[in-house]
Amino acid sequence: MTTSVSPDLFLPNEKKAWFTHDRFGMFVHWGIYALAARHEWVKSREEIDDANYQKYFDNFDPDLYDPREWARRAREAGMKYVVLTAKHHDGFCLWDSAATDYKATNTPYGKDLLRPFVDAFRAEGLKIGFYYSLPDWHHPDFGIDMYHPLRNRPDAAELNKSRDIKRYAAYMRQQVTELLTGYGKIDIIWFDFSYPERTYNGLPGKGSNDWESLELLKLVRKLAPDIIVNNRLDLETDTPDMVTPEQYTPRTPPLVSGKPVTWEMCQTFSGSWGYYRDEESWKSPAQLLQILIDGVALGGNLLMNVGPTARGTFDQRAIDAFDAYAKWMHLHSRAIYGAGQSTYQAPDGCRFTQKGNRLYVHIYNWPNQYLLLDGLAGRVKYAQFLNDASEVQWPKEGADTHFMPPGGETTLTLLLPVKKPDVVIPVIELILKD
Ligand code: GLC
């Protein structure tokens, strides 16, 4: 059952100002599932038991791992913070945890992966977040449930009798303490996920009572008072630090109890979070950019995921995706950082983002010579493309508008070049009158 918690366990907006300003982060899903290269849920999907999953542990040796390279790409792509899977659902830990042997230091690679990661991303100026999985398909005290690899064993319920979730909850607190005390200031903690109502063949789901979420949250607050905590602990509150729509773009800004909240959508380059060799659903540059712009236009953040390979590299498709962001953000980031939802309504085929008196028109469908903006007549001082700071004009009073598409009384009609500027999504910056 969901536990209700007091609002003062959550952050006031001022403490989240950096987050809503920065808008764009990098999600990294990396672990021994990268060797299977067919989804980070492979252990569950294929119902692989510990003995058969062990080959990924025994062969894990990311010899090309260079987090400085990852961090450089993140910075160039315009990403301002990073969230790394310190532990995913398979229970494998990237750091040298004292609470388990199931960690990077015991694989053939033999070294801690987390500290060099944190150092590299900090050096590039990014804020640091850790994803920590609530489910754990390796821990011996984690009860078998509908997602567990052993769920279809006839003796699953029997096996559960010796599994003590209380010991597992204590294990999580020990690990979270390590993560929040051993690596300097951590800015975000991303717990994933709860499913209290989902029962399977009599095996119950898990939620706040199992995770002891309230205690966990109090511990987090004690160790890291300003940290942003996501909303997947199964704790009910009107004031979550952030809500986290996954793999879709909301149509309107998410509300909690009817009120606007800080939110961040998480998305992938290709569908899976972990490295998936044979996936063919990689998004195009325009799609990648639109996901970012769509989110900011609704006042939200984007956490875009990469699944590095088991060699420790980004594959070429991921590099191309980062390049698409880097190229566009180099010229257009001021329409993203510190920007949010506009009070004006964008026309079809466009999105608006706004920062003070700067209104940014992101043009998804290049129109034929005229862009009609309702509600903006007489409101604009100056207009320019962001990619080259070239002026965008509109007809002066008394001009012959006979050959222009008719607008309404409040319509501002911008005169566009026939040829679309050579960027994936052109942006016009409108400087509004005070
Ligand atoms: C889902 C999946 C998981 C992924 C996460 C990211 O909840 O369980 O594999 O880490 O989404 O939001």
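Model, not experiment: these values are computed from the prediction.

Definitions and limits used
- Residues numbered from 1 in each chain as written.
- Predicted model: local features only at pLDDT ≥ 70, side-chain atom pairs only at ≥ 80, totals over all residues.
- Heavy atoms only, no water.
- Near = heavy atom within 4 Å.
- Polar contact = N/O pair within 3.5 Å; in protein donor to acceptor, adjacent residues only side chain to side chain.
- Phe/Tyr/Trp six-rings, centres within 6.5 Å; stacked < 30°, edge-to-face > 60°.
- Helix = DSSP H or I, 4+ residues; strand = E, 2+ residues; numbered from the N terminus.
- Buried < 20%, exposed > 50% of the residue type's maximum accessible area, 1.4 Å probe, protein only.
- Lys NZ or Arg CZ within 6 Å of the ring centre and 35° of its normal.
- Core = buried A, V, L, I, M, F, W, Y, C linked by side-chain atoms within 4.5 Å.
- Domains from an automatic or database assignment.
- Contact = heavy atoms within 4.5 Å.
- Buried area = accessible area lost by both parts, 1.4 Å probe.
- Salt bridge = Lys/Arg side-chain N within 4 Å of Asp/Glu carboxyl O.
- Expected span 1.5 Å × (residues − 1).
- Axes fitted to C-alpha atoms, helices over the stretch in contact; angles between N-to-C directions.
- Left-handed = near helix turned anticlockwise from the far one by under 90°.
- Nonpolar A, V, L, I, M, F, W, Y, C, P; charged D, E, K, R; others polar.
- Pairing = 2+ DSSP bridges.

Points about the site of the ligand
Near the ligand you find 14 residues, and of these His29, Glu40, His88, His89 and Glu246 are the closest. The separation between an oxygen atom of the ligand and a polar side-chain atom of His29 is 2.5 Å. In this structure, an oxygen atom belonging to the ligand sits 2.8 Å away from a side-chain N or O atom of His89.

Examining the packing of aromatic side chains
Tallying each qualifying case throughout the model produces 37 aromatic pairs. A centroid spacing of 5.2 Å and a plane angle of 45° characterise the contact between Phe19 and Tyr81, whose relative ring orientation is tilted. One end of the pair, Phe19, is in helix H1 (residues 17–22); the other, Tyr81, is in strand S3 (residues 81–87), with 62 residues separating them in the sequence. Tyr81 matches Phe19 in its accessibility class, with the two residues each being buried. On the basis of an interplanar angle of 25° and a centroid distance of 5.1 Å, the ring pair of Phe314 and Phe322 is categorised as stacked. Note on accessibility: Phe314 and Phe322 belong to one class, buried. A cation over an aromatic ring shows up here: Lys80 above the ring of Tyr337, its NZ or CZ 4.7 Å from the ring centre.

Some remarks on the side chain of Lys206
Within the fold, Lys206 resides in the loop between strand S5 (188–192) and helix H9 (208–211). Within polar-contact distance, the side chain of Lys206 engages the side chain of Asp145 at 2.6 Å.

Examining the nonpolar core
In this structure, Met26, Phe121, Phe191 and Tyr325 are the most contacted members of the largest nonpolar core, which totals 104 residues. Of the residues forming this core, the biggest block, seven residues, is contributed by helix H12 (residues 316–332). No fewer than three residues from each of domain 1 (3–335) and domain 2 (350–432) sit in this core. Dropping the residues within four chain positions of it, Met26 is found in contact with Trp70, Ala74, Met79, Tyr81, Val82, Val83, Phe121, Leu303, Met304, Val306, Phe314 and Phe322. By size, the runner-up hydrophobic cluster in this structure holds 20 residues, among which are Val361, Val380, Phe385 and Leu416.

Brief notes about the domain arrangement of the protein chain
For the protein chain, the assigned domains read domain 1 (3–335) and domain 2 (350–432). Its C-alpha centre places domain 1 at a distance of 40 Å from the equivalent point of domain 2. Listed by partner, the interface residues are 13 residues for domain 1 and 16 residues for domain 2. For the pair domain 1 and domain 2, the two sides together bury roughly 1300 Å², of which 63% comes from carbon and sulfur. At the junction of domain 1 and domain 2, the tally comes to two salt bridges. Between Arg351 and Asp294 there is a salt bridge; the shortest N-O distance is 2.9 Å. Inspection of the domain 1/domain 2 interface yields seven residue pairs in polar contact (both at pLDDT 80 or more).

Quick notes on helix H8 (residues 165–181)
With 17 residues, H8 should reach 24 Å at 1.5 Å per residue; the first-to-last C-alpha distance of 24 Å fits that figure. Taken residue by residue, H8 has Tyr168, Ala169, Tyr171, Met172, Arg173, Gln175, Val176, Glu178, Leu179 and Leu180 as its buried positions. Against the buried residues of H8 lie S3, helix H6 (114–123), strand S4 (127–133), S5, H9 and helix H10 (213–223). The N-terminus of H8 is capped by Asp164, whose side-chain oxygen sits 2.9 Å from the backbone nitrogen of Lys166.

Describing the packing of helix H5 (residues 67–77) against H6
Orientation of H5 relative to H6, taken along the N-to-C sense of each, is 35°, at an axis distance of 8 Å. Taken as a pair, H5 and H6 cross one another with a handedness that is right-handed. Note on element contacts: H6 touches H5 through Pro116, Phe117, Ala120 and Phe121, opposite Pro67, Arg68, Trp70, Ala71 and Ala74. Residue composition of the contact of H5 with H6, by class: eight nonpolar, no polar and one charged.

Some words on unusual backbone geometry
Here the bond from Asp192 into Phe193 is cis, since omega is -5°, no more than 30 degrees from zero. Among the secondary structure elements, Phe193 is positioned in the loop between S5 and H9.

Some thoughts on the side chain of Thr244
Secondary-structure assignment places Thr244 in the loop between strand S7 (235–236) and strand S8 (255–256). Reaching out from Thr244, the side chain makes a polar contact with the side chain of Asn231 at a distance of 2.7 Å. Contact partners of Thr244, with chain neighbours within four places excluded, come to Trp190, Asn230, Asn231, Arg232 and Glu264.

Some thoughts on the sheet that holds S4
In spatial order, the strands read S6-S5-S4-S3-S2-S11-S10; together these seven strands make up an open sheet with parallel pairing. This sheet does not close on itself; its edge strands, each paired only once, are strand S6 (228–229) and strand S10 (264–268). Here strand S2 (residues 24–28) pairs with S3 via four bridges, running parallel. Pairing of Phe27 across the sheet is with Val83, part of S3. Each of S2, S3 and S4 touches H6; the most contacted strand, S4, lies at about 145° to it.

Thoughts on the pairing of S2
Taken across its five residues, S2 has five buried, putting it largely inside the fold. Because side chains alternate across S2, one face comprises the buried residues Phe24, Met26 and Val28, and the other comprises Gly25 and Phe27, equally buried. Two strands pair when backbone bridges link them, and S2 and strand S11 (residues 301–306) are joined in this way by five bridges, in the parallel orientation. Bridging from a neighbouring strand, Phe24 pairs with Leu302 of S11.

Section: the environment of His362
Positionally, His362 belongs in strand S13 (residues 358–363). Taking the C-alpha atoms as reference points, His362 and Leu180, separated by 182 residues in sequence, lie 39 Å from one another. When neighbours within four sequence positions are excluded, His362 is seen to be in contact with Ile293, Trp328, Ala335, Gly349, Cys350, Arg351, Phe352, Thr353, Ile425, Pro426 and Val427. A distance of 3.0 Å separates a polar atom in the side chain of His362 from a polar atom in the side chain of Thr353.

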